[in-house]
Every structure is written in structure tokens, then in C-alpha cells.
Amino acid sequence: MIRCFAKSDSPCQSVVLYGSLRRGAAQPNNYTFPFLLQACSKALAVAEGTQVHAHVVKLGFGQDVYIRNALIHFYCASCRIGSSKRVFDESPHCRDVVTWNTMLAAYARDGQIVVAEKVFGEMPERDVISWSAMIMGYVQNGRLEEGLECFKEMRENGLIPNEAILVSVLSAAAQLGLLQHGRLVQSIIESLNFPMTVALGTALIDMYSKCGCIDHSRKLFNNMPQRDIQSWNVMICGLATHGLGKECLALFGRFLSEGFRPVNVTFIGVLNACSRAGLVSEGRHYFRLMTEDYAIVPEMEHYGCMVDLLSRAGLICEAVKLIENMSVPPDPVLWATLLGACKIHGLVDMGEKIGNKLIQLDPTHDGHYVQLASIYAKARKWEDVVRVRRVMAGQNTNKVAGWSLIETQGRVHRFVAGDREHDQSLEIYKMLDVIGTRVAEAGYLPNISSVLHDIGEEEKENVIKEHSERLAIAFGFLVMAAGDCIRIVKNLRICEDCHEVSKMISKVFEREIIVRDGSRFHHFKEGNCSCLDFW
């Protein structure tokens, strides 16, 4: 009965029943306590679980490995990792692989990856759960490349991955935009005849979407035997990120017609789709639908989508009004979105006002200074550019370095602007010159408005042409077969000039280029971009 209640929706009843047992003539045995502690873990009953621990010691069950494992898990579930560690350390001779795995998973979940690595290294034996805990710990704490490397090492040790590992590795590949890694995982799934569960199918849809293959995502989604709300949300958000606004809204209509009820994440995707496609009236409609029909309280991401939509459409005053009428204090990101719109629309005075407001809110954030300096630079107000950059230097802030990744031949290559560290740097710059000559002959003229220095025009053109995405594209030309799509992942928003030159390259060289920047996807093909120059 204790076990049944522990697995039910009323785990506290296990503790009540245990109290009845202790008041009667019956005595607990070594099977009682693991289920009882499981109930305390599920109910987060810290005081009761601590009393059970006292009973374990008093009744002489302290050296039972199964009970000790249940105690360690209970303290971990109660966020008392120090107590878990004390139980773990008390009896080094009384441990099995489950004991080690429980401790390892606790450190990984708590973000203590260095400690988790130490535990992992000390384990006398590891099973697939051990590797799963380590890989998930890396991925959930943002150490994606280490998670992929750990997965590679696990496979080299001959272990067969479980579903949790495959989902984690697909998540890492998705976040990094590494299509080859994602395809490798799919081939492993197929070779092992893994059933296509909802979790795996959703992870694959997300991976292909974030690696620029929205057609693959669409096909997987349509072929899924079962879908849950997460599957729909991933597909809706994927279409939005690729700028397929109308298709995203049509899918949302299907979502509603099949009886699903949208949640906050669903509307983030829908509003993002409106923002990316410039669908102002639709955005207003769905924002009202969310708040009035579904009674969802807008979060900062919803406001962010609406502010982005309105400000990019030039409706700056409406965006300001929306921010000022928010029920919660606005995130500086909302004002930063407006600042970016001021740059696009050349609103120097308003940009100056918002930029100074942002600098007061967070004087250590480098991006606000850079945006304000960019507005001044576009207006050729060089003295103000120098002044802002001087203030920025005085605050000990530096511009976040932009980088671009390209995955080819089983390796990930990272470039920064002006990078000359790559093994093939000489050939890359020669290819860059070839590309520059060909696009210039086709009529390309550099847009140097984003360069923040009062230097000669020719120097500015040189600064622009060495941006990280251009180096990655040039490298792609060197190492990839003719006709292959070049896929780039960039951490920052692509600049106007790199966007324009990428369109020209796709036309002149008859090459498809897909760039995932910090804002969205850009599919460059035949001289056009999927974003329709709205990003």
C-alpha cells in the first residue's frame, strides 16, 4: 500500500500509512523505506523525509544500499545536495552504480559541472545512465560542444544510447546549428530501429528547423503518428523563425481545429511569425486573442514580439505606448528593440533619447552603446560616435565579438572578423578577393554605414569585407562541392552590407546560402533572401 500511494497522485498518504504501521504491531523492513522515501521525494516532504532518515538509522537499516540510494535521491530532489553528499560519503563500501549515478545527476542538474566531471571520472563503473547524466548536464548547462564530444566518447566505448541521450544530443546539434551532427543522430536512431516516439520526433523537427532545413521539419511533422502540444509548438516556432508567417498562422489554425489549447509558448511563435513577416494587423489580432480569449498574461517575450513588429513597421509611437502601458516594468531588451528601429528608420533624436535611457538602466551593457553609436554613425555625427565610445570605454565594456560557424567534413570551423588564425587563412582571403571582384562586376556597392569609425571609405570597405560570415562563406567555397548549400551560424544579427553581398553571391555564383543569425534565418538564393529584406 505504501508503494501504491508513492506512485499515485497522493504520495503523502504513504507517510500517513507508515505512521499507522509504526503505531501498530507490524515493523517496517528493508522494502518499506525505499518506497516511503520515494513518496517523500515526490511530495517534496522534507521534514517527513528527514524523520524517515532518523528511523532508518535507529532501526539499523543504514547500510542497505537500496535505502541509501533512496536517501541520496530524496535529498537531491529536496535541493539539499550537501545532505546527499554526506550520505554518499558515509559508507564508501556501500555503493553501486545507481548510487554514483544519483550523485552525478544531482550535480549535473544543479549546474555543478566541474564537480559532476570529477564524480564521473571517479566512477568504478559506468552504464548508459551515467553517460546520459553527463551528456544532459553538459547540454542543459550550455556546454554544447562538450556534450557532443561526450556522446562521441560514449559511442567509442561501445554503449548503445538511450532516448534521453539522443534527445539531448539533438538539442545540442540544434542549438549549435550543426546539421551533420544531427543527421548522424538520426542515422543512429534508424540503425537501432528506435521507435519514433513523440519526444524523438519533436527533437528531430527542432534540430532540422534550427539547422535551416525547414522542409525536413515539415515532412517529419506531417508524418508523425502522434503529436503533443510540444510538437506543434516546435513546428509553429520553426516556421516563424524561417519567416514563413502565412504558413505559420495557417498551422496555428490547424492546431486550434484539432482541439489543442494554446499556451504562452504557442503565442510566442505566432507573434514572432507576425513580426518576421511584417503582419501588423494579424499581430494585433493574435495579441488580443491571447489576452482576451485565452486569458494568457503577456510575458516579456510576447511584448518583445509586438514591439519588434510595430517598431519595424515604423509605428514607433504605438510601440512606445505599448511599453508604457505594460503591467510589469519593461525589460531593457524592449527599449533596445526600439533603439534598433530608430537606427533603421533614421530617427536620431528619438534614438538618442532611448539610447541614453538604456545606458542609465544598464551602464555595463556594451550593446546599448554600440547601437547608439551606430545611429550617430549612420547620420555621420562622428563627434557623437567618439563621445559614446569614450563613455563605453570608461565603463569597462567591450563589444561582444561576432563569430560565425560552418560545419564541414566532420569539423566545426569558427571565424571572427578579420580572422587570420585558420589553417587555410591565405586561401580564404584569396577566395574573398575572387568573390569581391565577381560581385563588384555584377554591380555590388558596399554599404559602409554600419562601420563606427571616421576613417577613409576604402578602409571601411576593407573592414566590412572581413566580417566573420564572409570568411565562413569563402571557406565554404574552398572545401564544399560545387552546388552544395553553404550553411552559416552567426551569434549576432547580420549587418546590412553582409546581407546584401550574400544575396549577390547567391546570384553570381548560383549558390544557395543559409545564414542563421541572432535574429532569424536567411535563405539566400538567386539574388533574393527569404526575409524579403525585413529583419
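To keep things clear, this report deals only with the structure shown in the data block. Keep in mind it's a predicted model, so treat the numbers as computed, not measured. (Residues numbered from 1 in each chain as written. Predicted model: local features only at pLDDT ≥ 70, side-chain atom pairs only at ≥ 80, totals over all residues. Heavy atoms only, no water.)

1. Description of the packing of helix α7 (residues 97–109) against helix α9 (residues 128–140)
Close contact between α7 and α9 brings their axes to 9 Å; oriented N to C, the two are set at 5 degrees. Of the possible angle classes, the one that applies to α7 and α9 is roughly parallel. Taking contact as the criterion, the partners of Val97, Asn101, Leu104, Ala105 and Ala108 in α7 are, on α9, Ile129, Ser130, Ala133, Met134 and Gly137. Here the residues of the contact of α7 with α9 sort into 7 nonpolar, 3 polar and no charged. (Axes fitted to C-alpha atoms, helices over the stretch in contact; angles between N-to-C directions. Helix = DSSP H or I, 4+ residues; strand = E, 2+ residues; numbered from the N terminus. Parallel < 35°, antiparallel > 145°, perpendicular 65-115°, else oblique. Contact = heavy atoms within 4.5 Å. Nonpolar A, V, L, I, M, F, W, Y, C, P; charged D, E, K, R; others polar.)

2. Thoughts on the packing of helix α11 (residues 163–176) against helix α12 (residues 179–191)
A pair of packed helices is captured by two measures, namely the crossing angle of their axes and the spacing between those axes. Across the interface, α11 lies against α12 with an axial gap of 8 Å and an inter-helix angle of 160 degrees. With respect to α12, the axis of α11 lies roughly antiparallel. Between α11 and α12 the crossing geometry is left-handed. Mapping the contact onto sequence places Leu166, Val169, Leu170 and Ala173 in α11 and His181, Gly182, Val185, Ile188 and Ile189 in α12. The residue makeup of the contact of α11 with α12, split by class, is 7 nonpolar, 2 polar and no charged. (Left-handed = near helix turned anticlockwise from the far one by under 90°.)

3. Quick notes on the side chain of Thr102
Its location among the elements puts Thr102 in helix α7. If near-sequence neighbours (up to four positions away) are discounted, Thr102 is found in contact with Ile72, His73 and Cys76.

4. Re the packing of aromatic side chains
Under the definition given, this model contains 16 aromatic pairs. For the pair Phe415 and Phe475, a centre-to-centre distance of 5.7 Å together with 55 degrees between the ring planes defines the contact as tilted. With Phe415 in strand β2 (residues 411–416) and Phe475 in helix α27 (residues 468–479), this residue pair connects regions lying 60 residues apart in the sequence. Residue classification places Phe415 among the buried positions, given a relative accessible area of 1%. Using a relative accessible area of 0% as the deciding quantity, one classes Phe475 as buried. An aromatic cluster is defined as three or more aromatic residues linked by ring pairs; in this entry it consists of Phe221, Trp232, Phe252, Phe255, Phe260, Phe267, Tyr286 and Tyr294. One cation-aromatic arrangement involves Lys357 over Trp335; the distance from NZ or CZ to the ring centre is 5.0 Å. Above the plane of the ring of Tyr429 lies Arg420, whose end atom (NZ or CZ) is 3.9 Å from the centre. (Phe/Tyr/Trp six-rings, centres within 6.5 Å; stacked < 30°, edge-to-face > 60°. Buried < 20%, exposed > 50% of the residue type's maximum accessible area, 1.4 Å probe, protein only. Lys NZ or Arg CZ within 6 Å of the ring centre and 35° of its normal.)

5. Focus on the sheet that holds strand β3 (residues 486–490)
Judged by pairing direction, the sheet is mixed, and its 6 strands sit side by side in the order β2-β1-β3-β4-β5-β6 without closing on themselves. With partners counted over all chains shown, the strands left at the sheet margins are β2 and β6 (528–529), one partner each. Bridge analysis of β3 against strand β4 (residues 513–516) gives 4 bridges, and the strand direction is parallel. Its bridge partner lying in β4, Val489 is registered against Arg516. The sheet contacts of helix α28 (residues 496–508) involve β4, β5 (521–525) and β6, and relative to β5 the element is tilted by about 35 degrees. (Pairing = 2+ DSSP bridges.)

6. Thoughts on the environment of Gly201
Secondary-structure assignment places Gly201 in helix α13 (residues 198–210). Sequence spacing of Gly201 and Arg227 is 26 residues, and the spatial spacing of their C-alpha atoms is 8.6 Å. If sequence neighbours within four positions are ignored, Gly201 has contacts with Met196 and Met224.

7. Describing the pattern of salt bridges
What the rule picks out here adds up to 18 salt bridges. The network of salt bridges with common partners includes Lys85, Asp89 and Arg95. (Salt bridge = Lys/Arg side-chain N within 4 Å of Asp/Glu carboxyl O.)

8. Regarding the side chain of His302
Inspection of the secondary structure assignment puts His302 in helix α19 (residues 300–312). Residue His302 is classed as buried on the basis of its relative accessible area of 0%. Discounting residues that sit within four places of it in the chain, His302 has contacts with Asn264, Phe267, Ile268, Leu271, Phe287 and Met290.

9. Topic: the pairing of β2
Across a regular strand the side chains alternate sides, sitting on one face of the sheet and then on the other. Pairing between strand β1 (residues 403–408) and β2: 6 bridges, direction antiparallel. Among the inter-strand pairings, Ser404 is bridged to a residue of β2, identified as Phe415. The turn joining β1 and β2, which pair antiparallel and follow one another in sequence, is formed by 2 residues; a positive phi near 55 degrees is taken by Gln409.

10. Quick word on the nonpolar core
What tends to happen in soluble globular proteins is that the nonpolar side chains get buried as a cluster. With 63 residues, the main nonpolar core has Phe33, Leu104, Met134, Ile135, Phe151, Leu170 and Met207 as its most contacted residues. Here the element with the most residues in this core is α11; it accounts for 8 residues. Ranked by size, the runner-up nonpolar core spans 61 residues in total, among them Cys248, Met306, Cys342 and Val348. (Core = buried A, V, L, I, M, F, W, Y, C linked by side-chain atoms within 4.5 Å.)

11. Side note on helix α24 (residues 382–394)
Between its terminal C-alpha atoms α24 stretches 18 Å, which fits the 18 Å expected from 13 residues at 1.5 Å a residue. The set of residues buried in α24 consists of Trp382, Asp384, Val385, Val388 and Met392. Seen end-on, α24 carries its buried residues on one side only, within an arc spanning 160 degrees. Facing away from the buried surface of α24 by more than 90 degrees, the exposed residues are Glu383, Arg390, Ala393 and Gly394. (Expected span 1.5 Å × (residues − 1). Arc of directions from axis to C-beta.)

12. Here we look at the pairing of β1
Burial of β1 is extensive: 5 of the 6 residues sit out of reach of the surface. In the sheet, β1 pairs with β3 via 2 bridges, with the strands oriented antiparallel. In the strand pairing of β3, Leu405 is matched with Val489.

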